[in-house]
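# Descriptive structure summary
Here's the letter readout for the chains.
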Amino acid sequence: MRVLNQRRDRSRTWRTLVLLFVLTATVFSALPLLRHLRGHTIFDYELWYTTGRHVLAGGDIYFFRAGKYDFMYPPPCALFLAGASLLGQGGLIFLLVAINSAAWFCSAKLSAILAAGNRGTANPWLYLIPSLLVIVYIWSSYHLGQPNLVLLALMLGAFVALRAEREIVAGGLIAVAAAIKAFPVLAIVYLVYRRYWTAAASLVASLVFLLLILPAPFRGFERAWHDLEQWSAGMLKYSEVTVGQRPMRSYTWKNQSLVGVTNRLLRQVDADAASAPHQPVYVDFADLNFSVVNAIIVSVALALGIVFILVMPPRDMRTADSDSIEFALLLLLMLMITPLSFGYFYSWLMLPFAVVTQRLLAGKGATILRWSLPAMALLALGLPFPRGAQLYGNTFFATLLLFVGLSIEFLRFKRTRNASFLRSMDGEFSR
């Protein structure tokens, strides 16, 4: 009888979670559509529709307007938008919010699966708490029309595939994420370091297909190559004034990456730049030379990478639990080190928060809790002080605290595994 009651309670819990998700996703999806129907600003949805129509008309994907590219994502993304724009502006918005909802559902499920390890059914809290902690960033993806939930679902799918030793699938999923938004340099470095040779080869081959072969029937091979050249020339640039094609946003409070925060705090740059005349805002603690700031950025990035490598266990000592921490750390590194990391990117904290939740549920999270609570407090500062807190990099430093906490937890896990391994070896020799 007790087992039946437990099953009934579990079933009721899951139904409640699914209902809560459906209601929230429906509200989040309806609001951009209502804005469109009322003739209000629809933010990036307008750019996606305009870009799609422009591509259908045979125009260039990348061209300068007011000194910058309007559209700055890789060419395959523009081709997808061309197809979506055939639905009309309202249809495009409906399609994109539906894709976002599916990606959110998959991200929550995959985060729970990865965090649960080999425990079978994941605890319902692993679905609920991580999404609640990043709900503001999830809403931003719907509100602005950004694809970061899709990127997260693809990356988490790749991690699940790596854990299942399906490297070709993993490489393909990472390549699709790269074709939507940017080249995943850190992901390639990780695959090579972990000797996922098949996944790395699959990633490269899939990228070649998505960037050159897939567009050829629609744009022609020469034009597909030209599109890629234009994108590379415009986006792979970094100067005192801009990162890529975002001169008015690169070093402002909106960019919470290591590059953005370091330049903002250590150089006298306008931290609230706008195209219209305005009063500049400065939050720098020092006015260092651009080359000195870059040396600091590179040093910090290298230090974070070295910490990541040092806490990673050897390949033969990896477990499902260690992989969940390892993948969470990789996502945190990507968030911090990517040159442009705006608020909606941080829906990627879903997996790190799922890992923290799992460690707490397992009674092993005392150390990580001491780092996670200040991180959550810093993130919470962005609610009452959205601009003031982000001027000083609250989101970046919260991510850094999570990285440190998970690294310490990973190191403790590694030491425990090493001790267990040595004890088992001693037992073998004593026989």
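Keep in mind that this is a model prediction, so the values were computed, not measured. (Residues numbered from 1 in each chain as written. Predicted model: local features only at pLDDT ≥ 70, side-chain atom pairs only at ≥ 80, totals over all residues. Heavy atoms only, no water.)

### Overview of the packing of aromatic side chains
As a reminder of what qualifies: Note on aromatic contacts: the rings of Phe and Tyr and the six-membered ring of Trp form a pair at centre separations within 6.5 Å, being stacked when their planes are under 30 degrees apart, edge-to-face when over 60 apart, and tilted otherwise. Elements are defined by DSSP. Helices are runs of H or I of four residues or more, strands are runs of E of two residues or more, and each kind is numbered from the N terminus. Each residue's exposure class comes from its accessible area (1.4 Å probe, protein chains only) as a fraction of the maximum for that residue type: buried when under 20%, exposed when over 50%, partly exposed otherwise. Criterion for a charge above a ring: Arg CZ or Lys NZ at most 6 Å from the ring centre, at most 35 degrees from the ring normal.
A complete count under the given rule lists 24 aromatic pairs for this structure. Note on F159 and F327: the rings are 4.4 Å apart at their centroids and 5° apart in plane angle, and the pair reads as stacked. Linking F159 in helix 7 (residues 148–163) with F327 in helix 15 (residues 320–337), this pair joins segments that are 168 residues apart in sequence. Like F327, F159 is buried. Linked through ring pairs, F21, F28, W104, F105, W139 and Y142 together constitute an aromatic cluster. The ring centre of F342 lies 4.1 Å from the NZ or CZ of R249, which sits over that ring.

### Focus on the packing of helix 2 (residues 44–56) against helix 3 (residues 75–85)
Each packed pair of helices is defined by two parameters, the angle between the axes and the distance between the axes. Note the cut-off: Angles shown run from 0 to 180 degrees and are taken between the N-to-C directions of axes, each axis being a line fitted to C-alpha atoms and, for helices, limited to the stretch in contact. Note that the term roughly parallel is reserved for angles under 35 degrees, roughly antiparallel for angles over 145, roughly perpendicular for angles of 65 to 115, and oblique for everything else. Should any heavy atoms of two residues lie within 4.5 Å, those residues are counted as being in contact. Gly is placed with the polar residues, together with every amino acid not listed as nonpolar (Ala, Val, Leu, Ile, Met, Phe, Trp, Tyr, Cys and Pro) or charged (Asp, Glu, Lys and Arg).
Between helix 2 and helix 3, the shortest axis-to-axis distance is 7 Å and the interhelical angle comes to 95°. When the axes of helix 2 and helix 3 are compared, the pair comes out roughly perpendicular. Residues W48, Y49, T51, G52, R53, V55 and L56 of helix 2 touch helix 3, and the partners they reach there are A78, L79, L81, A82 and S85. Looking at the contact of helix 2 with helix 3, its residues break down into 8 nonpolar, 3 polar and 1 charged.

### Comments concerning helix 9 (residues 185–193)
Note the threshold: Of all possible arcs, the one meant is that of the directions from the helix axis to the C-beta atoms.
Within helix 9, the full set of buried residues consists of A187, Y190 and L191. Mapping the buried residues of helix 9 onto a view down its axis gives an arc of 95°, with all of them on the same face. Contacts made by the buried residues of helix 9 are with helix 7, helix 8 (167–180), helix 10 (197–213), helix 14 (290–311) and helix 15. Positive backbone phi, at 60°, marks R195, one or two positions downstream of helix 9.

### So, the pattern of salt bridges
Here is the rule: Here, a salt bridge means any side-chain nitrogen of Lys or Arg that lies within 4 Å of a carboxyl oxygen of Asp or Glu.
Counting across every chain of the model gives 9 salt bridges. For R318, the salt bridge identified is with D323, shortest N-O distance 2.8 Å. Residue R359 pairs with E409 through a salt bridge whose shortest N-O separation is 2.9 Å. Here R359, found in helix 16 (residues 350–361), pairs with E409, found in helix 19 (residues 394–430); they are 50 residues apart in sequence, far enough to count as distant. For R359, a relative accessible area of 9% corresponds to the buried category.

### Quick word on the state of the cysteines
Filter applied, for reference: Disulfide assignment relies on a single distance test, namely cysteine sulfur atoms paired within 2.5 Å.
Under the criterion given, the structure shown has 0 disulfides. Distance from the sulfur of C77, which forms no disulfide, to the nearest cysteine sulfur (C106) is 19 Å. Judged by its relative accessible area of 12%, C77 is buried.

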